[in-house]
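Read off the chains here:
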Amino acid sequence: MPFERETYYVCREVDVLELQVTNSPFTQEQVELLNRLLPQLGDHQKIWLSGFLSATLGTAAISGFASSATSEQASLTSPVLQVMPVSKEVTVLFGSQTGNSQGLAKKVTKKLEEQGYQVSLTSMGDFKPNSLKKIENLLIVVSTHGEGEPPDNAIPFHEFIFSKRAPQLENLRFSVLALGDTSYEFFCQTGKEFDQRLEELGGTRIVPRADCDVDFDESAAEWMNEVVSSFNQAGEALTSAGAATGTTGAAGASANSAESEYSRSNPFNAEVLENLNLNGRGSDRETRHIEISLEGSGLQYEPGDSLGIYPENHPKLVEELLEALGWNAEELVPVNKNGEQKAVREALLRYYEITVLTKPLLTQVAELTGSKELKQLLGAGHEDALRSYLNENDLLDLVQDYQLKGVSSDKLIPLLRKIPARLYSIASSPNAYPGEVHLTVRTVRYESKGRNRYGVCSVQLAERIEPGEQVPIYIQHNDNFKLPDNPDTPIIMIGPGTGVAPFRAFLGEREESGASGKSWLFYGDQHFATDFLYQLEWQKWLQDGVLTRMDVAFSRDTDKKVYVQHRMLEKSKELYAWLQEGAAVYVCGDEKKMAHDVHAALLTILEQEGGLTPEKAAEYLISLQQQKRYQRDVY
Ligand SMILES: Cc1cc2nc3c(=O)[nH]c(=O)nc-3n(C[C@H](O)[C@H](O)[C@H](O)COP(=O)(O)OP(=O)(O)OC[C@H]3O[C@@H](n4cnc5c(N)ncnc54)[C@H](O)[C@@H]3O)c2cc1C
Ligand SMILES: Cc1cc2nc3c(=O)[nH]c(=O)nc-3n(C[C@H](O)[C@H](O)[C@H](O)COP(=O)(O)O)c2cc1C
């Protein structure tokens, strides 16, 4: 262990830092250089330098430089440097919507605890901002959602830190791990904002922010190792010689599946038990009800969790791409950093993302090909055109539009992202269906530029997975979408379309546990006759009293389109009364439109029925969020 309970770091004592040739091993010229440099260095720079020298020369060789007065080097420093206690306490704060940041926050906590640190791991939603001033070591792990917005449980803390009430933080040492997706315009925006703001408030960044794309394991592990070494080096530079160095090596399996050996980085090949279309004949939509066996996996979940599935690309698209590039389908290409190779056809089917374009990919392709047109699209003044191009095209379009035929696989393949897993809100209660997990998956199909486009995972599930076949899965735990602890608490569930999935899990769970709390479901889709997903189940639960009331909105059955938010507004009095009784509100489904409209409807209800000003209504919802009485699972 590198530190004892009390640790020390070097601190500059005013401005008397001066080396003498007589009591040092340096030449006159070196002493002059050092005397010019050293007074300019801050404490953390000295610690860093000291750690750097430790790492390059071996700790014993320079240990005395920083700690004791027993060696020649010590006489060099003892008049000018003193040691000061530094806290071994670290606060890890996470802001997470779907659980990734939370999993990584747990992982860095574990790593630090193994090194003897006392770590307090807290959701930003539970954090008391007034205690910020007291923190010396802060790690932030946060994702970005919406269009560059903080995850729900980070909103109050994010607002606080950007408000005038935010304190000066000159004693704070911090680092930020930012999660995001490079296919979004505002990549890792929330992490960037926290990072910049903490610096503005006077904090010292101990390790540069790491911005992670969807395949975050490696970059996150690197950041964690840097953080741990940075803390360790600060201690090593000042404590005894021979102390253990910081951890190395990649972090282990994802923390989100502690009970099982299977996780995001080690998925379980699960058997599909059932695969049905829930929509009636004549519907515009196709929604599959999929049942998957967890037998033999040890995987466990709770209502509100999601299932991750690693999909395969559409074989037709892969063939078209191979042809457009002029590649030999059997040629071997690397599929990971361990040197494993596969035929390029299989690599494109199972390992690489070919349906989403990102700005970093286009930038690298422009460099690779020297394409003037592509460089122009990426240049200043073409932001709107770039945004549209990224949203509307896939790799095949890029290959065709920018004449990539002939670019070799060893040049292009390393530029592609790994195919990311898709998440699905679990639609079953594990108590109602032990050993199984159910999903409600809407098939994504559309046409663009004269070509049929297929949602990678949903179309694979709809067209190419039969019962008896296997899919690689993992459980994505989500603490931010959970039934109230108290079974008597009323719940209001708003879930149009596939958003209804987790509410099937919630009601299944409440039925199994005999919970007595009232429940109210708002559901909607296009047509009553063809799109009323799980209709018979809701009706049975209504009869049995498991579901207290249900309001539906079928948008295309009436002249004027009605959506769930309209039904909520129609029932505003009752809805407000439920809120006043302590009900918890859950929203699941479309993020872009529905979740915003439902949020606005809730604000209107609070203003209308509660007589609140718009500001007070917004505060009311934030306070609900903090009490975990307003939770969203939106995508
Ligand atoms: C926490 C969470 C829970 C989720 N739960 C569910 C769930 O319960 N059920 C469910 O069905 N999905 C759910 N999703 C969404 C799911 O993860 C996938 O995003 C969805 O199934 C599409 O994946 P895909 O691979 O089929 O499509 P992809 O290949 O990823 O393609 C989808 C993309 O196609 C583009 N696109 C789609 N339609 C059009 C169009 N008409 N015109 C132009 N472009 C278009 C959009 O860019 C869209 O993002 C959830 C997502 C999250 C994050
Ligand atoms: C609906 C939705 C919106 C998103 N918006 C952004 C975004 O604007 N910028 C970004 O970098 N990432 C965005 N992401 C990607 C997430 O930040 C990424 O999936 C992250 O790993 C999620 O971490 P979490 O599980 O801790 O919330 C979005 C993801 C979803 C599902």
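First, a word on scope: everything that follows refers to the structure included in this document.

About the criteria used
- Residues numbered from 1 in each chain as written.
- Chains lettered and ligands numbered in written order.
- Predicted model: local features only at pLDDT ≥ 70, side-chain atom pairs only at ≥ 80, totals over all residues.
- Heavy atoms only, no water.
- Helix = DSSP H or I, 4+ residues; strand = E, 2+ residues; numbered from the N terminus.
- 1 Å grid on protein atoms, 1.4 Å probe; cavity = no way out; pocket = protein on both sides within 12 Å on 5 of 7 lines; lining within 4 Å.
- Points joined across faces, edges and corners; volume = space filled by probe spheres on them.
- Pairing = 2+ DSSP bridges.
- Axes fitted to C-alpha atoms, helices over the stretch in contact; angles between N-to-C directions.
- Parallel < 35°, antiparallel > 145°, perpendicular 65-115°, else oblique.
- Left-handed = near helix turned anticlockwise from the far one by under 90°.
- Contact = heavy atoms within 4.5 Å.
- Nonpolar A, V, L, I, M, F, W, Y, C, P; charged D, E, K, R; others polar.
- Phe/Tyr/Trp six-rings, centres within 6.5 Å; stacked < 30°, edge-to-face > 60°.
- Buried < 20%, exposed > 50% of the residue type's maximum accessible area, 1.4 Å probe, protein only.
- Lys NZ or Arg CZ within 6 Å of the ring centre and 35° of its normal.
- Near = heavy atom within 4 Å.
- Polar contact = N/O pair within 3.5 Å; in protein donor to acceptor, adjacent residues only side chain to side chain.
- Areas by Shrake-Rupley, 256 points an atom, 1.4 Å probe, with all protein chains shown as cover.
- Salt bridge = Lys/Arg side-chain N within 4 Å of Asp/Glu carboxyl O.
- Disulfide = S-S within 2.5 Å.

### Quick notes on unusual backbone geometry
Point 1. Of note in the backbone geometry, Cys 188 takes a positive phi value of approximately 55° without being a glycine.
Point 2. Structurally, the position occupied by Cys 188 is in the loop between strand E6 (173–179) and helix H7 (189–200).
Point 3. One non-glycine residue with positive phi stands out, namely Gln 403, at about 45°.
Point 4. Within the element layout of this structure, Gln 403 appears in the loop between helix H14 (395–401) and helix H15 (409–412).

### A word on empty space enclosed by the protein
Point 1. Going through the model one piece at a time under the given rule, you end up with five cavities of 30 Å³ or more.
Point 2. The wall of the largest cavity is formed by 15 residues, among which Asn 153, Asn 480, Gln 625, Lys 628 and Tyr 630 lie closest to the centre.
Point 3. Sorting elements by how many residues they give to the lining of the largest cavity places strand E23 (residues 630–634) first, with three residues.

### Notes on the sheet that holds E23
Point 1. Read from one edge to the other, the open sheet built from five strands follows the order E21-E20-E19-E22-E23, with strand pairing classed as parallel. Where the open sheet ends on each side, the last strands, each with one partner, are strand E21 (549–554) and E23. Taken pair by pair, the neighbouring strands of this sheet meet at an average axis angle of 10°, ignoring direction.
Point 2. Strand direction decides the pairing type here: strand E19 (residues 491–494) and strand E20 (residues 519–525), joined by four bridges, are parallel. Its bridge partner lying in E20, Ile 494 is registered against Phe 522.

### What to know about the packing of helix H22 (residues 594–610) against helix H23 (residues 614–626)
Point 1. Across the interface, H22 lies against H23 with an axial gap of 9 Å and an inter-helix angle of 120°. One way to sum up the angle between H22 and H23 is to call them oblique. Viewed along their axes, H22 and H23 form a crossing whose handedness is right-handed. Between H22 and H23, the residues in contact are His 599, Leu 602, Leu 603, Leu 606 and Glu 607 and Pro 614, Ala 617, Ala 618, Tyr 620 and Leu 621, respectively.
Point 2. Counted by class, the contact of H22 with H23 contains eight nonpolar, one polar and one charged residues.

### Quick word on the sheet that holds strand E9 (residues 268–277)
To summarise the sheet geometry, strands pair through backbone hydrogen bonds and adopt either a parallel or an antiparallel arrangement.
Point 1. Spatially, the six strands line up as an open sheet ordered E14-E11-E18-E9-E10-E15, and their pairing is antiparallel. Of all the strands in the sheet, the pair left with one neighbour each is strand E14 (422–425) and strand E15 (436–442). When the angles between neighbouring strand axes are averaged without regard to direction, this sheet yields 40°.
Point 2. Relative to strand E18 (residues 470–476), E9 runs antiparallel, the two sharing four bridges. By the bridge assignment, Glu 271 is partnered in E18 with Gln 470.
Point 3. In the packing of helix H16 (residues 456–464) onto the sheet, the strands contacted are E9, strand E10 (287–293), strand E11 (306–309), E14, E15 and E18, and the crossing angle to E14 comes to about 65°.

### Some remarks on the packing of aromatic side chains
Point 1. Under the counting rule described, the total for this entry stands at 20 aromatic pairs.
Point 2. Seen in terms of ring centroids, Tyr 310 and Tyr 474 are 5.8 Å apart; in terms of plane orientation they differ by 40°. Their pairing is tilted. Taken together, the positions of Tyr 310 in the loop between E11 and helix H9 (315–325) and Tyr 474 in strand E18 put the pair 164 residues apart, joining distant regions of the chain.
Point 3. Taking the relative accessible area as the measure of exposure, Tyr 474 reaches 4% and is therefore buried.
Point 4. These aromatic residues form a ring-pair network of at least three members: Phe 481, Phe 503, Phe 506 and Tyr 586.
Point 5. Across the ring face of Tyr 117, the terminal group of Lys 88 is positioned such that the distance to the ring centre comes to 4.9 Å.
Point 6. A cation over an aromatic ring shows up here: Lys 518 above the ring of Trp 578, its NZ or CZ 4.2 Å from the ring centre.

### Regarding the site of ligand 2
Point 1. Among the 21 residues in the neighbourhood of ligand 2, the closest are listed as Ser 96, Thr 98, Asn 100, Ser 101 and Thr 144.
Point 2. A distance of 2.4 Å is found between an oxygen atom of ligand 2 and a side-chain nitrogen or oxygen belonging to Thr 98.
Point 3. Here an oxygen atom of ligand 2 and a backbone polar atom of Cys 188 are 2.8 Å apart.
Point 4. Burial of ligand 2 by the protein chains amounts to 91% of its free accessible area of 650 Å².
Point 5. Across the shell around ligand 2, the residue classes tally to six nonpolar, twelve polar and three charged.

### Quick look at the layout of surface pockets
Point 1. Looking at the second largest pocket, its volume works out to about 590 Å³.
Point 2. For the second largest pocket, the lining is made up of 21 residues, of which Asp 215, Lys 337, Pro 414, Leu 416 and Arg 417 are closest to its centre.
Point 3. Elements with a contribution of two residues or more to the lining of the second largest pocket: helix H8 (217–236) and helix H11 (359–369).

### Quick look at the pattern of salt bridges
Point 1. Scanning the model with the defined rule gives 45 salt bridges in all.
Point 2. In this structure, Lys 316 engages Glu 320 in a salt bridge whose closest nitrogen and oxygen atoms are separated by 3.4 Å. Here Glu 320 and Lys 316 lie together in helix H9, a separation of four residues that amounts to about one turn.
Point 3. It is possible to trace a salt-bridge network through shared partners that takes in Asp 394, Asp 397, Asp 401, Lys 449, Arg 451 and Arg 453.

### Thoughts on the side chain of Arg 632
Point 1. The topology assignment puts Arg 632 in strand E23.
Point 2. Its relative accessible area of 17% is what places Arg 632 among the buried residues.
Point 3. Of the polar contacts made by the side chain of Arg 632, one reaches the side chain of Asp 152; its length is 2.8 Å.
Point 4. Look past the residues within four positions of Arg 632 in its chain and what remains in contact with it is Gln 97, Asp 152, Asn 480, Phe 481, Val 587 and Ala 595.

### Considering the state of the cysteines
Note on terminology: a disulfide is the covalent bond linking the sulfur atoms of two cysteines.
Point 1. The full count for this structure, using the stated rule, is zero disulfides.
Point 2. Cys 188 takes part in no disulfide bond, and the closest cysteine sulfur, belonging to Cys 212, lies 6.6 Å away.
Point 3. Overall, Cys 188 belongs to the buried group, its relative accessible area being 1%.

### Examining the pairing of E23
Point 1. Burial analysis of E23 places five of its five residues in the buried class, the great majority of the element.
Point 2. The alternating pattern of E23 places Tyr 630, Arg 632 and Val 634 on one face and Gln 631 and Asp 633 on the opposite face, and all of these are buried.
Point 3. Relative to E23, strand E22 (residues 584–589) runs parallel, the two sharing five bridges. Along E23, the bridge assignment pairs Val 587 with Arg 632.

Functional significance is not addressed by these values, which are geometric in nature.
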